[in-house]
Amino acid sequence: MSSPLHDHGVISRYRQYLPVSEATPVISLNEGSTPLIHSPRLSERAGAEVFIKYEGLNPTASFKDRGMTVAVSKAVEEGSRTVICASTGNTSAAAAAYAARAGIQCAVLLPAGKIAQGKLVQAYLYGAKVIAIRGNFDQALQLVRELGGMPGFAVVNSINPHRIEGQKTAAFEIIEELGEAPDMHILPVGNAGNITAYWKGYREFHHLGRAKILPRMMGFQAAGSAPIFHQRVIEQPNTIATAIRIGNPASWQAANAALSGSTGAIDIVTDEEILAAQSWLASNEGIFVEPASAASVAGLFKLGRVQARRIVLTVTGHGLKDPDAAMMTGDYRPFDADAEVSAVRRILEEK
Ligand code: F0G
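Residues numbered from 1 in each chain as written. Predicted model: local features only at pLDDT ≥ 70, side-chain atom pairs only at ≥ 80, totals over all residues. Heavy atoms only, no water.

J.: Is there a simple way to think about the state of the cysteines in this case?
T.: In a disulfide, the sulfur atoms of two cysteines are covalently bonded to one another. On inspection of all chains with the given rule, the structure shows 0 disulfides. For the unlinked cysteine Cys106, the closest cysteine sulfur is that of Cys85, found at 5.5 Å. Judged by relative accessible area, which is 6%, Cys106 ranks as buried. (Disulfide = S-S within 2.5 Å. Buried < 20%, exposed > 50% of the residue type's maximum accessible area, 1.4 Å probe, protein only.)

See the structure below:
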């Protein structure tokens, strides 16, 4: 049981907007309340005030924790003994952590060979049953749809509406912090749950009078995995941003509704643009994100100067999730030196 003194996770903060009751056991790791960081350099490039919602600072280092606290709490309330999901890595890390916290089982179906090392390590350490599928994420999700009806099982992919409910709280936090919704919200799109969730959150607070405006929702997909942009299923999606390597998003229709309802747009960024944006953000703003998250920044660069007063970019996952991809952004090698002051000084004085 959680202690009210120490619990400040998203259910505790936003209970009245979430599908929970007194009977719901709150399974929380104090997720949410992530920093909204003003970015002077991005602001200059965009000609607008740009803020970064740094979701990599959640307990398992991605935005998935917001939805997972609600989905796992509801699964436990409903008597489930096992949660199951397909994942490109972050959902599985979050599911495994919250299942561990709840004392229930977790099974994760992952596309073999396409999961960043940090995410795989998380699933193992949190104690999940890790199943590597010879296939892609879309095939793994299809299997989960078929297996999810087994007795005692709860599916915790974003086809579970509780996930979307939890994730919408990021929009609430942004409105509370800025005192208003931004004019534009930029985020990466994979399975399209998050763009659906943000749009729901913005609309709910707008409806309640907590925000006067609604942002234009701008989604960015990786060029090799862009089914919504191309308006067709991509059978063999590919990208360095393995988190969004998805060819047939589950929330496709809801994403379309967010895009049209907000007069937003979906566009693509190449792997080269993603990697360049990832290293740019780290070395210019001190914010280290994984490749999928850098799609937001690459997207803003692609938009150039923007007709907006305030823009929020969600960066969805921490850079440490995927050190192998990060190392591909440059030719990184240390300067070798003997353990002598003179040797180190020589290097420091080099141009
Ligand atoms: N960024 C990261 C770091 C992600 O892990 C994901 C999705 C997205 C963006 C896209 O969000 O799917 O809601 O459109 N990761 C899922 C997973 C698919 O299994 O971890 P989305």
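Moving on, there is more to tell.
J.: What exactly am I supposed to notice about the pattern of salt bridges here?
T.: Charged atoms that come close allow side chains of opposite charge to pair. The final tally for this structure, using the stated rule, is 15 salt bridges. With a closest N to O distance of 2.9 Å, Arg66 and Glu173 form a salt bridge. Residue Arg66 is located in helix 3 (residues 64–77), and its partner Glu173 is located in helix 8 (residues 169–178); the two are separated by 107 residues in the primary sequence. A relative accessible area of 4% means that Glu173 is categorised as buried. Of the charged contacts in the structure, one is a salt bridge between Glu176 and Arg210, with a shortest N-O distance of 2.9 Å. (Salt bridge = Lys/Arg side-chain N within 4 Å of Asp/Glu carboxyl O. Helix = DSSP H or I, 4+ residues; strand = E, 2+ residues; numbered from the N terminus.)

J.: Explain the packing of helix 3 against helix 4 (residues 90–102) here, please?
T.: Packed helix pairs are specified by the crossing angle of their axes together with the interaxial distance, meaning the distance between the axes. The geometry of helix 3 relative to helix 4 is characterised by a closest axis approach of 9 Å and an angle of 45° between their N-to-C directions. In terms of axis orientation, helix 3 runs oblique to helix 4. As helix 3 packs across helix 4, the resulting crossing turns out to be right-handed. When helix 3 is examined against helix 4, the residues Lys64, Asp65, Met68, Thr69, Val72 and Val76 are found in contact with a partner set consisting of Asn90, Thr91, Ala94, Ala95, Tyr98, Ala99 and Ala102. Considering only residue class, the contact of helix 3 with helix 4 consists of 8 nonpolar, 3 polar and 2 charged. (Axes fitted to C-alpha atoms, helices over the stretch in contact; angles between N-to-C directions. Parallel < 35°, antiparallel > 145°, perpendicular 65-115°, else oblique. Left-handed = near helix turned anticlockwise from the far one by under 90°. Contact = heavy atoms within 4.5 Å. Nonpolar A, V, L, I, M, F, W, Y, C, P; charged D, E, K, R; others polar.)

J.: What am I meant to see in unusual backbone geometry here?
T.: Where the residue is not glycine, phi is negative for most of them; where a peptide bond is considered, it is trans in most cases. Here the phi dihedral of Asn30 falls at roughly 60°; this positive angle occurs in a residue that is not glycine. Its identity as a non-glycine residue notwithstanding, Thr263 has a phi of 45°, on the positive side. In this fold, Thr263 is placed in the loop between helix 11 (252–261) and strand 9 (265–269). Judged by relative accessible area, which is 55%, Thr263 ranks as exposed.

J.: Just checking my understanding: could you explain the sheet that holds strand 8 (residues 216–222) for this structure?
T.: Strand pairing in a sheet relies on backbone hydrogen bonds, with the paired strands running either antiparallel or parallel. Pairing in this open sheet of 6 strands is mixed, and the strands run 1-2-10-7-8-9 from one edge to the other. In this open sheet, the two edge strands, each paired with only one partner strand, are strand 1 (36–38) and strand 9. Taking the axes of each pair of neighbouring strands and ignoring which way they run, one obtains an average angle of 25° across the sheet. Of the pairings in the sheet, the one linking strand 2 (residues 49–54) to strand 10 (residues 310–315) comprises 6 bridges and is parallel in character. The partner of Phe51 across the bridge, within strand 10, is Val312. Helix 12 (residues 271–285) rests against strand 2, strand 8, strand 9 and strand 10 of the sheet, and its axis sits at about 90° to strand 9. (Pairing = 2+ DSSP bridges.)

J.: Looking at this structure, I do not really get a nonpolar patch on the surface. What am I missing?
T.: There is a patch of nonpolar side chains on the surface, built from Val121, Tyr124 and Leu125 and spanning about 340 Å² of accessible area. Within the element layout of this structure, Leu125 appears in helix 5 (residues 117–125). (Patch = residues over 30% accessible without salt bridge, like charges linked within 9 Å, V, L, I, M, F, W, Y side chains within 5 Å. Areas by Shrake-Rupley, 256 points an atom, 1.4 Å probe, with all protein chains shown as cover.)

J.: What is the right way to look at the site of the ligand in this model?
T.: Near the ligand lie 20 residues; those nearest to it are Ser87, Asn191, Ala192, Asn194 and Thr316. The separation between an oxygen atom of the ligand and a polar main-chain atom of Ala192 is 2.7 Å. Here an oxygen atom of the ligand and a backbone polar atom of Asn194 are 2.7 Å apart. Its free accessible area being 480 Å², the ligand has 98% of it covered by the protein chains. (Near = heavy atom within 4 Å. Polar contact = N/O pair within 3.5 Å; in protein donor to acceptor, adjacent residues only side chain to side chain.)

J.: Honestly, the pairing of strand 3 (residues 82–86) in this entry has me stumped. Any pointers?
T.: On any regular strand, side chains alternate: one points to one face of the sheet, the next to the other face. The buried fraction of strand 3 is high, at 5 of 5 residues. Side chains of strand 3 alternate between two faces, with Thr82, Ile84 and Ala86 and Val83 and Cys85 buried alike. Of the pairings in the sheet, the one linking strand 3 to strand 4 (residues 105–111) comprises 5 bridges and is parallel in character. Each residue of the ladder has a partner; that of Val83, found in strand 4, is Cys106. Between strand 3 and its parallel partner strand 4, the chain crosses via helix 4, and the hand of that crossover is right-handed. (Right-handed = clockwise from strand over helix to strand, strands pointing away.)

J.: Which parts of the structure should I look at to understand the packing of aromatic side chains?
T.: For any pair of aromatic rings, the description consists of the separation of the ring centres together with the inter-plane angle of the planes. Here the structure, examined in full by the defined rule, presents 7 aromatic pairs. Relative to Phe205, the ring of Tyr17 has its centre 5.3 Å away and its plane inclined at 70°; by these criteria the two rings are edge-to-face. With a gap of 188 residues between them, Tyr17 in the loop between helix 1 (10–14) and strand 1 and Phe205 in helix 9 (residues 193–207) connect regions that are remote in the sequence. Relative accessible area serves as the criterion here: at 0%, Phe205 is assigned to the buried category. (Phe/Tyr/Trp six-rings, centres within 6.5 Å; stacked < 30°, edge-to-face > 60°.)

J.: What am I meant to see in helix 12 here?
T.: An α-helical turn contains 3.6 residues, so a residue and the one three or four places further along point in the same direction. Given a rise of 1.5 Å per residue, 15 residues ought to cover 21 Å, and the 21 Å separating the end C-alpha atoms of helix 12 matches this to within 8%. Listed as buried for helix 12 are Ile274, Leu275, Ala277, Gln278, Trp280, Leu281 and Glu285. At the exit of helix 12 stands Gly286, carrying a positive phi of roughly 70°. (Expected span 1.5 Å × (residues − 1).)

J.: Honestly, the environment of Pro237 in this entry has me stumped. Any pointers?
T.: Locating Pro237 in the fold gives a position in the loop between helix 10 (227–230) and helix 11. With 14 residues separating them in the primary sequence, Pro237 and Ala223 have C-alpha atoms 9.2 Å apart. Among all residues touching Pro237, those that are not within four sequence positions of it are Asn136, Asp138, Gly224, Ser225, Arg245, Ile246 and Gly247.

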